[in-house]
Protein chains: 6
Amino acid sequence: MKNFLLACVFLALASSFASAFDPSPLQDFCVAIDDPLHGVGSNVTAVNVQQIPGLNTLGISAARIDFAPYGQNPPHTHPRATEILVVLEGTLLVGFVTSNPNNTLISKVLNKGDVFVFPIGLIHFQFNIGKTNAIAIAALSSQNPGVITIANAVFGSDPAIDPGFLARAFQLDKYVVKGLQAKFWIDGN
Amino acid sequence: MKNFLLACVFLALASSFASAFDPSPLQDFCVAIDDPLHGVGSNVTAVNVQQIPGLNTLGISAARIDFAPYGQNPPHTHPRATEILVVLEGTLLVGFVTSNPNNTLISKVLNKGDVFVFPIGLIHFQFNIGKTNAIAIAALSSQNPGVITIANAVFGSDPAIDPGFLARAFQLDKYVVKGLQAKFWIDGN
Amino acid sequence: MKNFLLACVFLALASSFASAFDPSPLQDFCVAIDDPLHGVGSNVTAVNVQQIPGLNTLGISAARIDFAPYGQNPPHTHPRATEILVVLEGTLLVGFVTSNPNNTLISKVLNKGDVFVFPIGLIHFQFNIGKTNAIAIAALSSQNPGVITIANAVFGSDPAIDPGFLARAFQLDKYVVKGLQAKFWIDGN
Amino acid sequence: MKNFLLACVFLALASSFASAFDPSPLQDFCVAIDDPLHGVGSNVTAVNVQQIPGLNTLGISAARIDFAPYGQNPPHTHPRATEILVVLEGTLLVGFVTSNPNNTLISKVLNKGDVFVFPIGLIHFQFNIGKTNAIAIAALSSQNPGVITIANAVFGSDPAIDPGFLARAFQLDKYVVKGLQAKFWIDGN
Amino acid sequence: MKNFLLACVFLALASSFASAFDPSPLQDFCVAIDDPLHGVGSNVTAVNVQQIPGLNTLGISAARIDFAPYGQNPPHTHPRATEILVVLEGTLLVGFVTSNPNNTLISKVLNKGDVFVFPIGLIHFQFNIGKTNAIAIAALSSQNPGVITIANAVFGSDPAIDPGFLARAFQLDKYVVKGLQAKFWIDGN
Amino acid sequence: MKNFLLACVFLALASSFASAFDPSPLQDFCVAIDDPLHGVGSNVTAVNVQQIPGLNTLGISAARIDFAPYGQNPPHTHPRATEILVVLEGTLLVGFVTSNPNNTLISKVLNKGDVFVFPIGLIHFQFNIGKTNAIAIAALSSQNPGVITIANAVFGSDPAIDPGFLARAFQLDKYVVKGLQAKFWIDGN
């Protein structure tokens, strides 16, 4: 993970309301060592309106995604944005699933320089299928895209969704659901 | 399920481009007996731009949801719309989960006449917690809201998402995932 | 009107900014006895951003409309929303008029379960043509749709529009206009 | 009306998709002598997407309004646009009515060079209160704003709205309504 | 320039949030004598959300443009609006340039009563090619359209853009660029 | 320029309307050797709705920008999008100028990993101030952002803008303008 520490992101806000020249970065966040609690082997560094108030109304934001070997950015959605992804390093298997009734998986292996689009609100994922680290830049069509990690939202919500209800929805044994809720509650909180 | 057969929906399209008075319904769909393959005890009858081309650009659509006793409308999202729900009959436990990092569950028991809102793109559900059938009307802020049933999209996509990948994302045994994919592939197709 | 008093609406706000579970209704409004001043035999109970600040930006709202036998929801427009109407009880004659130069009336008799759409900004109405009470649910494609009741806005404004001007516009005798203004000024204020 | 004939409008379409220089006007419409059927003493010459397909998606249109002495542009709404009005000649009394429940009239006397705004969907009017002709330019915030002249839409629709229904809505005698429908049916068709 | 002083603009704000009748103009700005520093022979009097807070969200604004004989409104863009122009007096040569790669000039000579459209964000200009003053009314599809005068933004910014950089971009001698920056710095500040 | 030839961009379209898995790239464009006609030392490889019809309605696009040492992406605007820029390699001086009357230059030196935002419609530029090649990824908040290179649009349009007019607007000698038009006409065509 060493090279994670070498890549830092400096940021300058530039909004049409700015009335002066700002010589210093508004913020500086280095990509931290991959969070062991997350456990899926990826780390997302977001640049959106929460970090940059001046992005408000501008309809765009960005993120850098670092993947450990075989790391994944698990199935998730952005409730308010389409995402365009550019691979900088490594080889990613990416995909998304269309809405009902088709539930068609659209997926592809991407190499350095490849670009892929995830339409607004659809469940999508990225998977580093290579032996080396991978890096991608994502841009999103909203200054406040939001992110919903499916497993965390379904099994890690606080308070928890009724286990019997989820067992029927996911056709899982109720005790399996309770086990998942125990795992994801830690993860999501 | 008998009373399902008594409630029929007749529909008239009314668009600002219509140039004549249409005395007959454009379509007529009776709520059928709950589909046994679905197995969750609810039935959604949608009225959107797929049924009504004239809804295009008007930014709204509707659906009727019928619930068997203890039936559920499982966790799902609408990628392009906020939903407002009105309960006509019965008692529903409804909820949605906010986006990361909070994953807060906002839920409530609704009785006849209650109204609830599910913001665009968030995972939400309804559960008939009563001994009787329940009926609700939902309106959505798009003529083409789309729907993604989480379990079907994740475990029932065609082609299937790699089971090993999903096993890690959902912290499930790979064989449990394969079992789910076998069940939801039937359901989703 | 007795059964009006039995149908109460409890409401829970659910916005994506909510950070906690709210166990109690945000408001409770029972449909009151039909306002004798209004005199047209209908009563509209709205659920929009004025009642629910959290609806802001979500682009949807709803209303329940109760009709006495032969009651009407008189010609009106919503300046900022399309409306979709679902009939719950009774039989309604509904319609709207297209814009100039056509001024075509699109109308239809709706029974329980029927759905109809009134495009944004067009003049429309509902009329209970049955011997019994009628109930409908309307959803609107804005959290702040607004409503303009034509007769009240034209003849009941405060201050009043010049009677001679209105007499020419509506091809009515000036004294008829003054009589209308006297009636609607009470009604609108 | 002589000076009406002197003012002609030549038009050139300019869209970002145009791929060539167009040296000749796309259309030429002279303001005709005021239509005697209309009878209110104004004439509207519109420039919108119906005349200019290239305006599509550009979100703006315009109109020239010519007023005879004491002529009026009767109460109307634009279902899809806000209007900004600039007076070129003469003195106009203009106004609009806010939405329910206030029904407040906002009005003002405008002279040459004055500017006024009519918010989207609200009922508004202009009245030439001077002894001379008046001319105004209106711009609208849509390429397809639409216009609904209240009296024509309510009393001149084809087919007609039930006279008994309108009599109750407008608190007029049913025979007065039938008389109005006879007048406006001619006017509107 | 005398007749410039005779034409004054009085303004009344009318917003749907207004709750009272405002009998007096909100502001009064007379078109001043053409600013000698500007030196291009035109004067723009804008009516947008900076002057009228109530225009906010209404999506429209306006401007009056006065031209001295052979005066010009130099190449500029509106970053947030399409413009529709109506000529009131005089003869204007107007034009805009399409985006890359075409860079096609769409231009036309306009006389009194002519209308022309400048699509959002494109570089455009107006030139009074007559011996007399000219006047035009422009409407813009935003309450806050913004304006960027190309020469002032490029050569008159504060602080200045590196002269060597601009020399290469505009294929000008570096000392020519420095001379331009000296001229436009005065003009732009 | 050798390493330009090593970086190729493969592209896969993913739209919500896609109904099948597409195993092969939709297109393949390698960044070519820098075009000698352009002469500013940068090369933009765009990924927008012209290349990818499926991006339509999704509100986002991307571009890769390669810079030779001391190469520049000259002053330009995007008429329909805000841009967010991420530096992958090298050191860039970037900036934009606010709208009139301020014409304030907001600029900053960016290093690898830095992010900067250029608000919609404002004139902006990037300048490689390092001895080595530089690479940046830009994302834009429209599937069809458009680009207007200021010098090419003003001095290289076809047909040409009147040199006397431009000489006054830019306070340049008419023969200097004619010289620029000769240079940029080649460049822009």
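Calculation rules
- Residues numbered from 1 in each chain as written.
- Chains lettered and ligands numbered in written order.
- Predicted model: local features only at pLDDT ≥ 70, side-chain atom pairs only at ≥ 80, totals over all residues.
- Heavy atoms only, no water.
- Contact = heavy atoms within 4.5 Å.
- Buried area = accessible area lost by both parts, 1.4 Å probe.
- Salt bridge = Lys/Arg side-chain N within 4 Å of Asp/Glu carboxyl O.
- Polar contact = N/O pair within 3.5 Å; in protein donor to acceptor, adjacent residues only side chain to side chain.
- Helix = DSSP H or I, 4+ residues; strand = E, 2+ residues; numbered from the N terminus.
- Phe/Tyr/Trp six-rings, centres within 6.5 Å; stacked < 30°, edge-to-face > 60°.
- Buried < 20%, exposed > 50% of the residue type's maximum accessible area, 1.4 Å probe, protein only.
- Least-squares fit on C-alpha atoms with pLDDT ≥ 70 in both.

Participant: Would you mind showing me how to read the interface of chain E and chain F here?
Facilitator: Bring the parts together and some accessible area is lost; that lost area is often taken as the interface size. The interface of chain E with chain F comprises 56 residues on the first partner and 56 residues on the second. Buried surface at the junction of chain E and chain F, both sides included, amounts to about 4400 Å², of which 63% is carbon and sulfur. Among the residues chain E hides against chain F, the three largest losses belong to E:F165, E:R168 and E:Q171. Together they make up 15% of the total. Inspection of the chain E/chain F interface yields 0 salt bridges. The interface formed by chain E and chain F holds 18 residue pairs in polar contact (both at pLDDT 80 or more) in total. Going through the elements one at a time, β5 (72–77), β10 (124–128), β12 (148–149), α2 (150–155), α3 (163–170) and α4 (174–188) of chain E are the ones with two or more residues in the side of chain E that touches chain F.

Participant: Looking at this structure, how should I read the packing of aromatic side chains?
Facilitator: Centre-to-centre distance and the angle between the planes together describe a pair of aromatic rings. Tallying each qualifying case throughout the model produces 42 aromatic pairs over all chains. Ring centres of A:F127 and B:F165 lie 5.1 Å apart, and the angle between their planes is 50 degrees; on these two criteria the pair is classed as tilted. Residue A:F127 is located in strand β10 (residues 124–128), and its partner B:F165 is located in helix α2 (residues 163–170); the two belong to separate chains. For A:F127, a relative accessible area of 16% puts it in the buried group. Look at E:F155 and E:F170: their rings are 5.3 Å apart centre to centre, the planes differ by 55 degrees, and that puts the pair in the tilted class. Of this pair, E:F155 sits in helix α2 while E:F170 sits in helix α3, and the two are 15 residues apart along the sequence. Clustering of aromatic rings is evident, with ring pairs tying together A:F155, A:F170, A:F184, B:F155, B:F170 and B:F184.

Participant: Can you help me understand the relation of the copies chain E and chain F in this one?
Facilitator: Superposition of the two copies of the chain requires a rotation about an axis together with a shift along that axis. With an RMSD of 0.0 Å, the fit of chain E onto chain F corresponds to turning through 180 degrees and sliding 0.0 Å along the axis. Considering both components of the superposition, the chain copies are consistent with a two-fold axis. Closest approach to the rotation axis within chain E is made by the C-alpha atom of E:G121, at a distance of 2.9 Å.

Participant: Sorry if this is basic, but what is going on with unusual backbone geometry here?
Facilitator: Backbone geometry follows two general trends: most residues other than glycine have a negative phi, and most peptide bonds adopt the trans configuration. The residue after A:N100, namely A:P101, is reached through a cis peptide bond having omega -5 degrees. Among the structural elements, A:P101 can be located in the loop between β7 (92–97) and β8 (105–110). Not every positive phi belongs to a glycine, and B:Q171 is a case in point at roughly 50 degrees. When its relative accessible area of 27% is taken as the criterion, B:Q171 is described as partly exposed. Although it is not a glycine, D:T57 adopts a positive phi angle of roughly 75 degrees. Tracing the backbone shows D:T57 in the loop between β3 (42–47) and β4 (61–67).

Participant: Would you mind showing me how to read the side chain of E:S42 here?
Facilitator: All names here are of chain E. Note that S42 resides in strand β3 (residues 42–47). On the basis of relative accessibility, which here comes to 8%, the residue S42 falls in the buried class. From its side chain, S42 meets the backbone oxygen of Q72 in a polar contact 2.9 Å long.

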